[in-house]
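Okay, here's what each chain looks like letter by letter:
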Amino acid sequence: MSDLRELYQEVIFDHYRQPRNRGVLPHANHSAEGYNPLCGDRVTLYLIIEDGVVKDARFEGSGCAIATASASMMTEALKGRTEAQVRALFERFHEGVTTPPDVPLSVDPALGKLETLLGVREFPARIKCATLAWHTLLAALQDERGTVSTE
Ligand code: ZN
């Protein structure tokens, strides 16, 4: 991949133009905020986790196309997964985007459309845009509010 335009594949633009799961989740029992100073991307992630399973996920924030599309696709991918599955997905995604461009990539089918974001490995400056939502996700999993947030 040598052309930056190839990075912005149609699926990424689609999620940037029409982000899925955008907005506040009033009854979230896990949340976290993330900031990528390299690009200025900001994301706040809201999760409802019941019995160890992600029941719902939403995000707010403002970011570039990559950061927004990554948060949008990630929230779609989380629903219905256990915390262990979510962490495994993070590992696969993170490994994918941080694999050097000259190293062949074996893409795990479990990533689904998230695979389209792995093209950022060609552009090191953008990797943090793609991983911001995911690092925020790990922070949110650690955040145990236990009760409904009124924020
Ligand atoms: Zn960005």
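A quick note: this is a predicted structure, and the numbers were derived from the prediction, not measured. (Residues numbered from 1 in each chain as written. Predicted model: local features only at pLDDT ≥ 70, side-chain atom pairs only at ≥ 80, totals over all residues. Heavy atoms only, no water.)

K.L.:
What's the story with unusual backbone geometry in this structure? I'm lost.
P.N.:
In terms of backbone geometry, most residues other than glycine have negative phi values and most peptide bonds are trans. Positive phi is not limited to glycine here, since Asn21 has a value of about 60°. Residue placement: Asn21 occurs in the loop between helix H2 (10–17) and strand S1 (30–36). By relative accessible area, which is 19% here, Asn21 ends up buried. The phi dihedral of Asp51 falls on the positive side, at around 50°, and the residue is not glycine. With respect to the helices and strands, Asp51 occurs in the loop between strand S2 (41–50) and strand S3 (53–62). Judged by its relative accessible area of 82%, Asp51 falls in the exposed class. (Helix = DSSP H or I, 4+ residues; strand = E, 2+ residues; numbered from the N terminus. Buried < 20%, exposed > 50% of the residue type's maximum accessible area, 1.4 Å probe, protein only.)

K.L.:
Would you take a moment to explain the coordination of the zinc ion for this structure?
P.N.:
In ideal tetrahedral geometry, four donors around a metal make angles of 109.5 degrees, whereas ideal octahedral geometry with six donors gives angles of 90 or 180 degrees. Protein coordination at the zinc ion comes from Cys39 (SG), Asp41 (OD), Asp41 (OD), Cys64 (SG) and Cys129 (SG), with a distance range of 2.2 to 2.7 Å. Mapped onto the sequence, the donors of the zinc ion take the spacing C-x1-D-x22-C-x64-C. With Cys39 in the loop between S1 and S2 and Cys129 in helix H5 (residues 127–142), this residue pair connects regions lying 90 residues apart in the sequence. Accessibility expressed as a relative area gives 1% for Cys129, which makes it buried. (Donors = N, O, S within 2.8 Å, 3.2 Å for Na, K, Ca; no water.)

K.L.:
Help me understand the pattern of salt bridges in this model?
P.N.:
If charged atoms from side chains of opposite charge come close, those side chains can pair. Taken as a whole and assessed by the stated rule, the structure comprises six salt bridges. Glu10 is paired through a salt bridge with Arg17; the nearest N and O atoms lie 2.8 Å apart. Classification of Arg17 by relative accessible area gives exposed; the value is 53%. The salt bridge partner of Glu76 is Lys113, with a shortest N-O separation of 3.2 Å. Of this pair, Glu76 sits in helix H3 (residues 65–78) while Lys113 is found in the loop between helix H4 (83–97) and H5, placing the two residues 37 residues apart along the sequence. Given the relative accessible area of 40%, Lys113 is considered partly exposed. A single salt-bridge network, built from bridges that share partners, covers Asp14, Arg20, Glu76 and Lys113. (Salt bridge = Lys/Arg side-chain N within 4 Å of Asp/Glu carboxyl O.)

K.L.:
What's the story with empty space enclosed by the protein in this structure? I'm lost.
P.N.:
Empty pockets left among the atoms are what a rolling probe the size of a water molecule brings to light. According to the stated counting rule, one finds one cavity of 30 Å³ or more in the structure shown. Within this model, the largest cavity holds a volume of roughly 60 Å³. Those elements that provide at least two residues to the lining of the largest cavity are S2, S3, H3 and H5. Here the lining of the largest cavity is composed, by residue class, of six nonpolar, four polar and two charged. (1 Å grid on protein atoms, 1.4 Å probe; cavity = no way out; pocket = protein on both sides within 12 Å on 5 of 7 lines; lining within 4 Å. Points joined across faces, edges and corners; volume = space filled by probe spheres on them. Nonpolar A, V, L, I, M, F, W, Y, C, P; charged D, E, K, R; others polar.)

None of this, on its own, says anything about what the molecule does.
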